[in-house]
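# Examination of the molecular architecture
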Amino acid sequence: AEQPASLETMQVTATREPVPVEQVPASVTIVDGDELRLRGARDLRTALSLVAGVEGTPTGDAGPAGSVPALWGLREADAFLLVVDGVPWGGAFNPATPGLDLTDVERIEILRGAAPVMYGATSFVGVIHVIHYAAGSSARIGTLSGGSYGSYGASASTALPALGGFRQSLAANVEHRGFSVDRQEYSRYHLLYRGGAGGFHADADVSVLPQAPGNVVFRNGASLRTDLIPADSNANPADAKLDQKRVQLNLGYDTRLGGSQWATTLSLARTWDHIVRGFLRNYAPVTGNVANSCVGSVPDPSGPDGKCDDGDADGYAQTRQVTDLYFDTHLVRPLWTGAHVALGVDYLYGMGQQSAGNFAYFAALDGSGAQSSGDVPVDETTHLEDRRHFGGLYAQMDWQLVRSLQLLLGVRLNHTREALAGEAVDIAGAGAGNASGADQRNQTRLSGVAGLGWQAVGDALTLYADYRNAYKPLAIDFGPEADCDDTGGERCILEPETSESYEVGARGRLLDSAVQYDVSAFWMDFQNLKTLDDFGDTVNGGHTRFTGFETEWRVALPASLALVANYAYHDSRFLDFHRGPGPAGQVARNRFEMAPFHLAGGGLLFAPPSGPTASIVANYVGERRLNKSNSLSKGGYTTLDASFGWRFRQVGVNLVGSNLTDRRDAVAESELAEEVSGASSYYLLPARRVDLVVSLPLP
């Protein structure tokens, strides 16, 4: 491929139909698939590392194959929407980032801010849309790879023989990825089939993803105890696992209906999870010996090695099933010269259930001697079932008022219904802690968008502004809790999240399009944000505000070189939230946890048609507050990724390095750890790794 580009001519995420990026009154970045392959990007952290204001953040509660991206200064598992080939990936619950495979990706589109009309009650701070090559238009590449910590893999993407006019493609990926953390790893077996003829298209996606979860470091008061817990230790049970199987079928039909374009999509997905994992409790030092310490309880000298008599960690064994159904049908029709409208209806259904057995176990702080889940008694069982129905009628109009002025108006009528039931049975306490309950919530609400774009100097300068009003029911994480005890008369389903946001920006091209730029500023007021209080309970987070500005630049240089730079300033704060009782529990004006003020990145890409290729990408993440009281702060850090390759005619060899600075900073907070063991815990950035990738053309 020729020199990669991050700004394409057309996008589909903001409008559902191909529209030039210059005409969209919102901040949109497009990352080309050829650039991803040049840089050896295989996860969201590396794929999004040159996008302004976006933290890809690997790992998280979903496992080492997962990710918790942050946009507009908000890192929350369900605050953004992950879309794959036009279908919400994860449905009505949380984005299914572990199952995301970047094999045969044509491009990734990133829309900052909410998508309140086209995608409804599922997105607040942005949409990450991963788009694979269409049927019959595969990248036609095979790869073999091997690298650090026993990692290896093979992938292939190719076009299959056409059956008459029916075009077909197949993408397959088999990989094993190891990590520096003891017992942390995952394997991926993934197959994507795409077929289509005329207006009909079909996708079948099958994945098997066994994972072994890694380590977290807990916070004790105002201290992150990296001095006690080695970065590469693992205190999970000896048989810990996050094994997932997922099957998805997408069907679609696009056709002309009179003077309108009519598109319909139907998607059904089923996910099965088998989980064993655990977390250390808060640390209370007893001796200076890390392997002989009591965590969070009174030591029992008669216990093993003087540890706590009821264990120093809490874990669970769980089975979970989730069904997702998505349907959308819409018409795009012209109204008058320069104006057209999209009219549609969509429906998103999710049904999830989990059954878990909770237990206490022993594990030293260095991870040694961890017990297996089968060797300890279960002290509590839980069951949870949740059903969600998200429906919407929407209309969005694009109107070119005059040649250089574009108006976007959209409105959506949302109706959501949710029913939740949970039960917890206390085995160890002879039933004293039994709890059960059920709840339901129905909501009908409007959401919408209004935007204006002005091409002030043609492609050289486009000014844009938009207002967005969004609404979203809180997603549950399907942890091992019953999540519903209505004996006290409290609602088990919390208030829905709402937001209002404003954005202004400028984008354009200079020097015959050799320079491309985008600068934007935003203001978002958020009500009822999902968060945790001091007791580890999921609660509505009162009133929060997210403001900032972002800019990204790309310069095409001679000799197949490209220079990319970005910077973002984010100010994320609580305006009114009580994390605990009393005046000390009010955190108004405090910074939002894990949200840095400053983010910056830069890269130099060298991609001639043949011969040597190279890339180097640096990212800076500024100081963060790790807790709501802002008593614990961590300074900034810089990561460095690089690749160096050579194209021998049609065969390529690429040496890819990730996190070459070997930073092991806290990058994401674990909500599960707080719920399960009461410990505020954090995942660390994975250690430095190097992989060798050999690619060859396929027919």
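Before reading on, note that the structure itself is shown above.
Rules of the game
Numbers given to residues run from 1 along each chain, matching the order in which its sequence is written. Where local features are concerned, this predicted model is filtered to residues with pLDDT of at least 70; where side-chain atom pairs are given and counted, the filter is 80 or more; whole-chain, interface and lining totals use all residues. Values reported for side chains reflect all heavy atoms of the structure, with hydrogen atoms and water molecules removed beforehand. Throughout, nonpolar core names a set of buried Ala, Val, Leu, Ile, Met, Phe, Trp, Tyr and Cys residues whose side chains join them through atoms within 4.5 Å. The classification of residues rests on relative accessible area computed with a 1.4 Å probe and restricted to protein chains. Under 20% of the type maximum is buried, over 50% is exposed, and intermediate values are partly exposed. Helical segments are the DSSP runs of H or I of at least four residues, strand segments are the runs of E of at least two, and each set is numbered from the N terminus. A contact between two residues is defined here by any heavy atoms of the two lying within 4.5 Å. As used in this structure description, the phrase polar contact means that two N or O atoms lie within 3.5 Å; if the pair is within protein, one of them must be able to donate a hydrogen and the other to accept it, and residues adjacent in sequence are counted only when both atoms belong to side chains. Here a salt bridge means any side-chain nitrogen of Lys or Arg lying within 4 Å of a carboxyl oxygen belonging to Asp or Glu. Patch members must show over 30% relative accessible area and no salt bridge, and they are joined within 9 Å when carrying like charges or within 5 Å when they are nonpolar side chains of Val, Leu, Ile, Met, Phe, Trp or Tyr. Shrake-Rupley sampling with a 1.4 Å probe provides the accessible areas, and residues are treated as covered by the protein chains on show and by no other component.

## So, the nonpolar core
By size, the foremost hydrophobic cluster in this structure holds 39 residues, and its most contacted members are Ile-108 and Val-125. Mapped by element, the contributors of at least two residues to this core are α2 (44–47), β6 (81–84), β8 (105–112), β9 (126–132) and β26 (515–527). Excluding anything up to four places from it in sequence, Ile-108 contacts Thr-29, Ile-30, Val-31, Leu-36, Ala-47, Leu-48, Leu-102, Ile-128, His-129 and Val-130. Counting 21 residues, the second largest nonpolar core, distinct from the first, contains Val-217, Ile-229, Leu-365 and Val-376.

## Structural notes on the side chain of Arg-107
Examined against the element boundaries, Arg-107 turns out to sit in strand β8. A polar contact is formed between the side chain of Arg-107 and the side chain of Glu-106, at a distance of 3.3 Å. At a separation of 2.8 Å, a polar atom in the side chain of Arg-107 contacts the side chain of Glu-109. Excluding residues that lie within four positions of it along the chain, Arg-107 makes contacts with Val-12, Ile-30, Val-31, Asp-32, Gly-33, His-129, Val-130 and Ile-131.

## Here's the deal with the pattern of salt bridges
Pairing is possible between side chains that carry opposite charge, provided their charged atoms lie close to one another. The tally for this structure, following the rule as stated, stands at 37 salt bridges. Linking Glu-35 and Arg-39 is a salt bridge whose minimum nitrogen-to-oxygen distance equals 3.2 Å. Note that Glu-35 and Arg-39 are positioned in helix α1 (residues 33–39) at a spacing of four residues, about one turn of the helix. Comparing Glu-35 with Arg-39, the two get one shared label, buried.

## Comments concerning a nonpolar patch on the surface
Taken together, the side chains of Phe-644, Trp-646, Phe-648, Val-651, Val-653, Leu-655, Val-690, Leu-692 and Leu-696 define a hydrophobic patch exposed on the protein surface, amounting to about 750 Å² of accessible area. Listed by contribution, the elements that provide at least two residues to the nonpolar patch are β35 (637–648), β36 (651–658) and β39 (689–697). For Leu-692, the position within the fold is in strand β39. Under the relative-accessibility criterion, Leu-692 is labelled partly exposed at 40%.

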